[in-house]
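Report on the structure
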Amino acid sequence: QAPLLGLIRTEELLAARALDGAEQFFTRARDFGFSKTPEETLKIWDQNAILADVVWTIRRFRPDVIVTRFSPDDRHTHGHHTASAELAVLAFHAAADPHAFPEQLAWVKPWQAKRIVWNKGLFNAPPNVDLSGFVKMEVNGYDPALGLSYGELAAKSRSMHKSQGFGSAPAFGPEPEYFRVLAGAPIERSIFDGLDLSWARVRGAEKLATLLARARASFQLDHPEAAIPALVEAGAALDALPENPWKDEKRAELDQVIAGCAGLWVDAWASDHVAVPGGQLPVTVEALDRSGAKLTLREVRLLREGAPPEVIPVGKPLAPGVPFQLERALAVPAELPVSNPYWLALPPAPGHFTVPDQKLIGLPEAPAPLAVELVLAAGARNFVVRRPIVYKWTDPVAGERRRSIEILPPVTLAPEAPVVMFPDARARTLRVSVHASAGAVAGSVRASLPEGWRVEPASRPFSLAHAGEEQSFEFLVHPPAHLADAGAITGELRLEALTAESKNPISREVERVEYPHIPIQTVSPPAAVKLVRFELSGARGHIGYIPGAGDEVAAALRQVGYQVTPLGDEALAHQPLGGLSAIVVGVRAFNVNPKMPLYHQRLMDYVHAGGTLVVQYNTHNRISHIAGEIGPYPFSISQERVTDETAPVELAPDPILRAPNRITARDFEGWVQERGLYFADKWDSHYQAPLSLHDPGEPARRGALLIAHFGKGRFVYTGLAFFRQLPAGVAGAYRLFANLISHAP
């Protein structure tokens, strides 16, 4: 969720690029959820800030052709999609204008691409779609070097987007795509019309082109090292060229080709996956000449962010087939920042991440803070091979695995919950764990609170004997006794660890994202807990919870006093349900559990006998089908949603809004991301729809909440985004949800 999902999608994009060979860039824009219009998107993002990022990327990458997948005029897709195309067209012009974002010119120069084109998608297009004005290009060619068609390669690449369910089958045979120029030079046959893709475009490169042709001619598949002498000559010709936008990039590529032809293997790994600033990390560097090419290792450089490199002279030839190995205890700089994606290191603005270093903008990841460089010589040419220092281990199933080195403080803190709700004036217990990062450490943990709150005890001592050891203890948090009005009081509890060795208090958590298809990701946010004091009536009872797609509503309900029992397939099929005061169905449970239709009659019998059943949102589309009915009477689920989390909500005089909590417009203040999604659009007359809400410029939507009495009980369907509001500590959402699950009259 939120930035953690952003980490997953970032790594999935990089996994896709590792297959298809493209480069991946990013703006600072935040994916803030579904947006209906590009106007809303650009307002939230801050159009000028994100336009600057796109211009920066164009100036750095210097494309000849820019392709948008979406039309800048489309108002029927995600607002983020249309906004991306609008920004691309604006950036096409602005990147060439020296008066646009002139602060960037300290690092880059203006760049004018030849054209920008729209690649029209034909997914779900009608058979008679008008393609006049578009140029048709066949894109599914066959690459004999890869042994793949581009449709096969694209399917492998797209299938890395596993968190979005984007697995694709390969395409064989003709696969035409259609393009229309949005700005720049016209096209007749191809988006590459009029482009010189040879070295002739670079002044003075005639000799270089000849030498590269000679290198290609001398390349032998079973003896690639035979091409190295010609590549070395080409490198000298490249170095002699006047400065031009291609020079540095092509020099790095040439060095990679030389290393590849030499069969050079270079690796660097540490003895542990955690490093503590100011400590030491044992590191091994290894190099192997596997082809018999004549390579000399001149020096090894141990690179440390924020500190001078440690240079180790070698000056010896690499013996073919004999590994060179160097072991060193690397001194980790005391001021090295803790591990965090660079775009999460500082608090974000409402619509985009905060990145003060211009040179980082656009990168998927910051360079590894600990790395090695090997300076080698092939004939008269020196070249550099850089590797990040990683930790590697052997998994008995997956084989060798790797992860980045985590830079962590001596201890990290882990509060039991990110939000603690106080539905009355009673104190609540907060359990906290302290974890040793890399060795023995002792000290104390304290909690600082805002005015009006207090904690017992003031601090807790800890003593940890070795890396990985953990100690847990409890704090008793007392909220303000009284609320000044009917609203809520929020605050932040900050946890801090003090040790004899640390100059400043340590206040860091560690969160890790781990899936088999991406590298392990580490985030180190501040160790803080949101506190919410509010008044809640009716939060009692034994609730059954049918798990959905990973929502956290059950844990949120436990926080405010409900006894919550998960209901799996066995319980739903066989166990008595009558002892439960309510049953709540998790988000998208009907989409992810194919057995839900089998339990429909048992659930309806439960309601008819006097129970309350609350079903949270489900989807009904091409990839998420709902088989059968959900409620006691028919209703249909639409794609309707209200994305403006501040949209006014009109309340009808329904009993469910009066007790046990009187719900007013104030209870819809402070909602996050959206009001709701996948509302009902048609329903039987037995249902009541007491809420009306809509996004700006749209008609009223009444399907966010449906209520029907059935027998002695009550059925509720809601598209309101409780799955976001309750974990975020939105007091009004708790009050409304308590009314929904209160016992039916």
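Now for a look at the structure at hand. Numbering of residues begins from 1 in every chain and follows the order in which that chain's sequence is written. Under the rules for a predicted model, residues below a pLDDT of 70 receive no local features and side-chain atom pairs below 80 are neither given nor counted, while totals for whole chains, interfaces and linings still include all residues. Note: side-chain values were computed over all heavy atoms of the structure, leaving out hydrogens and water.

Further remarks concern the packing of aromatic side chains. Working definition: a ring pair exists when centres of Phe, Tyr or Trp rings (six-membered ring for Trp) sit within 6.5 Å. Plane angles under 30 degrees give stacked, over 60 give edge-to-face, the rest tilted. Within this structure, the stated rule accounts for 19 aromatic pairs. Between Trp343 and Phe353, the ring centres sit 5.0 Å apart and the planes meet at 65°, which makes this aromatic pair edge-to-face. In this pair, Trp343 sits in the loop between β12 (324–331) and β13 (370–378) while Phe353 sits in the loop between β12 and β13, placing the two residues 10 residues apart along the sequence. Assessed through its relative accessible area of 12%, Phe353 is described here as buried. Consider the rings of Phe473 and Phe475, whose centres lie 6.0 Å apart with planes at 90°: the pair is edge-to-face. This pair shows no difference in class: Phe473 is buried, exactly as Phe475 is. Here a set of aromatic residues connected by ring pairs shows up, and it is made of Tyr633, Phe635, Tyr687, Phe710, Phe715 and Tyr717. Its guanidinium or amino end placed over the ring of Phe166, Arg158 lies 4.4 Å from that ring's centre, counting from NZ or CZ. A cation sits over an aromatic face here: Arg675 above Trp671, 5.5 Å from the ring centre. Comment: elements are numbered from the N terminus, with helices defined as DSSP H or I runs of at least four residues and strands as E runs of at least two. The buried label goes to any residue with under 20% of its type's maximum accessible area, the exposed label to any with over 50%, and the partly exposed label to all in between, with areas taken from a 1.4 Å probe on protein chains only. Two conditions define a charge sitting above a ring: the NZ of Lys or the CZ of Arg must be within 6 Å of the ring centre, and it must be within 35 degrees of the ring normal.

Burial of strand β32 (residues 612–616) is extensive: 5 of the 5 residues sit out of reach of the surface. Going residue by residue along β32, you find Thr612, Val614 and Gln616 tucked away on one face and Leu613 and Val615 tucked away on the opposite face as well. In this scheme, strands are said to pair when DSSP sees at least two bridges between them. As defined by bridge partners, strand β31 (residues 582–585) adjoins β32 across 3 bridges and the pair is classed as parallel. If you follow Val585 over to β32, its bridge partner there is Val615. Here 5 bridges tie β32 to strand β40 (residues 713–718), and the two strands are oriented parallel to one another. Bridge assignment links Val614 to a residue of β40, and that residue is Val716.

What follows deals with the pattern of salt bridges. Salt-bridge detection follows one rule: a side-chain nitrogen of Lys or Arg within 4 Å of a carboxyl oxygen of Asp or Glu. Enumeration over the complete set of coordinates arrives at 37 salt bridges. The partner of Arg28 in a salt bridge is Asp53, and the shortest N-O contact between them spans 2.9 Å. Of this pair, Arg28 sits in the loop between α1 (3–20) and α2 (38–45) while Asp53 is found in helix α3 (residues 47–61), placing the two residues 25 residues apart along the sequence. Asp53 shares its class with Arg28; the two are buried. Asp424 is the partner of Arg428 in a salt bridge, and the nearest nitrogen-oxygen pair spans 3.4 Å. Relative accessible area serves as the criterion here: at 15%, Arg428 is assigned to the buried category. Residue classification places Asp424 among the buried positions, given a relative accessible area of 17%. One salt-bridge network, held together by shared partners, links Lys36, Glu640, Asp695, Glu698 and Arg701.

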